[in-house]
Amino acid sequence: MATLAACSSGVKLDNVPVEDRTGSAAGAAGAGGQSGAVDPRGVSGVSVNGGDSAQPNALSRVIYFDYDSFEVKPESASTLEANARYLNANRTRRVNLEGHTDERGGREYNLALGQKRAEAVRRALSLLGVPESQMEAVSFGEEKPAQTGLDEAAFAKNRRVELTYR
């Protein structure tokens, strides 16, 4: 109890005043007659590179890793070689190398591990002749699991690098 009391702050989170900067009175009926609703005409969409680009269907685009490792396993060689051939034949295509981890470990550690995994795949593709300008390594850490669950099968599916073409 003493520890919890020491961590508390005097900042009240209840009844926080909200300032309306839209020019209309707060609580006025919005779109659809709902109080406080956002007018969808004033909201623009978000564009994420690679989401709408055609992905090569014939290629496996996932590299899996062992626990707490960023070493590319020998069984990933055929996947890497196929993607390198595709990228070398299509010099205008770019690829995001998206590093992921399972949920064990802290957030910062998992972001760093995901980045190391993405960089390891980038180095492997570079050794296969893919120019650095075609690749971008990013980390999502544990934020985008491929499979939910708290067993080794789920963890193994989440320790990966996904190649997303744009």
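Residues numbered from 1 in each chain as written. Predicted model: local features only at pLDDT ≥ 70, side-chain atom pairs only at ≥ 80, totals over all residues. Heavy atoms only, no water.

**Considering the overall build of the protein**
And step 1. A tally of helices and strands in the protein yields 4 helices and 4 strands.
And step 2. Along the chain direction, N to C, the helices and strands of the protein fall in the order α-β-α-β-α-β-α-β.
And step 3. A burial count over the protein gives 30% of its 166 residues as buried.
And step 4. When contacts within the protein are restricted to residue pairs at least 6 apart in sequence, long-range pairs at least 24 apart make up 72% of them.
And step 5. For the protein, the accessible area works out to roughly 11000 Å², and carbon and sulfur atoms hold 53% of it. (Helix = DSSP H or I, 4+ residues; strand = E, 2+ residues; numbered from the N terminus. Buried < 20%, exposed > 50% of the residue type's maximum accessible area, 1.4 Å probe, protein only. Contact = heavy atoms within 4.5 Å. Areas by Shrake-Rupley, 256 points an atom, 1.4 Å probe, with all protein chains shown as cover.)

**Focus: the packing of aromatic side chains**
And step 1. Overall, the coordinates contain 1 aromatic pair when judged by the stated rule.
And step 2. Relative to Tyr 165, the ring of Tyr 86 lies with its centre 5.0 Å away and its plane at 80°, an arrangement referred to as edge-to-face. In this pair, Tyr 86 sits in helix α2 (residues 77-89) while Tyr 165 sits in strand β4 (residues 160-165), placing the two residues 79 residues apart along the sequence.
And step 3. For Tyr 165, a relative accessible area of 0% gives the class buried.
And step 4. The aromatic ring of Phe 140 is capped on one face by Lys 144, whose charged end is 4.4 Å from the ring centroid. (Phe/Tyr/Trp six-rings, centres within 6.5 Å; stacked < 30°, edge-to-face > 60°. Lys NZ or Arg CZ within 6 Å of the ring centre and 35° of its normal.)

**Section: unusual backbone geometry**
And step 1. Located in the positive-phi region is Asp 68, a residue other than glycine, with phi close to 55°.
And step 2. Residue placement: Asp 68 occurs in the loop between β1 (62-64) and α2.
And step 3. Given the relative accessible area of 40%, Asp 68 is considered partly exposed.

**Side note on the packing of α2 against helix α3 (residues 107-127)**
And step 1. Contact pair α2 / α3: the axes reach a minimum separation of 9 Å and the direction vectors enclose 60°. By the angle class used here, α2 and α3 are oblique. Considering how the two elements wind past one another, α2 and α3 form a crossing that is right-handed. Contact with α2, carried on its side by Leu 80, Asn 83 and Ala 84, involves Val 121, Ala 124 and Leu 125 of α3 and no other residues of that element.
And step 2. Each residue belonging to the contact of α2 with α3 can be placed in one class, and the counts come to 5 nonpolar, 1 polar and no charged. (Axes fitted to C-alpha atoms, helices over the stretch in contact; angles between N-to-C directions. Parallel < 35°, antiparallel > 145°, perpendicular 65-115°, else oblique. Left-handed = near helix turned anticlockwise from the far one by under 90°. Nonpolar A, V, L, I, M, F, W, Y, C, P; charged D, E, K, R; others polar.)

**Quick look at the pattern of salt bridges**
And step 1. Applying the stated criterion to the full structure yields 11 salt bridges.
And step 2. For the salt bridge of Glu 119 with Arg 122, the shortest nitrogen-to-oxygen distance reads 2.6 Å. You can see Glu 119 and its partner Arg 122 sitting in helix α3, 3 residues apart, about one turn around the helix.
And step 3. A relative accessible area of 17% places Arg 122 in the buried class. (Salt bridge = Lys/Arg side-chain N within 4 Å of Asp/Glu carboxyl O.)

**What about the pairing of β4?**
And step 1. With respect to burial, β4 is a largely interior element, 5 of its 6 residues being buried.
And step 2. Note that strand β2 (residues 95-100) and β4 share 6 bridges and pair antiparallel. Its bridge partner lying in β4, Glu 98 is registered against Glu 162. (Pairing = 2+ DSSP bridges.)

Don't take any of this as a statement about function, it's just geometry.
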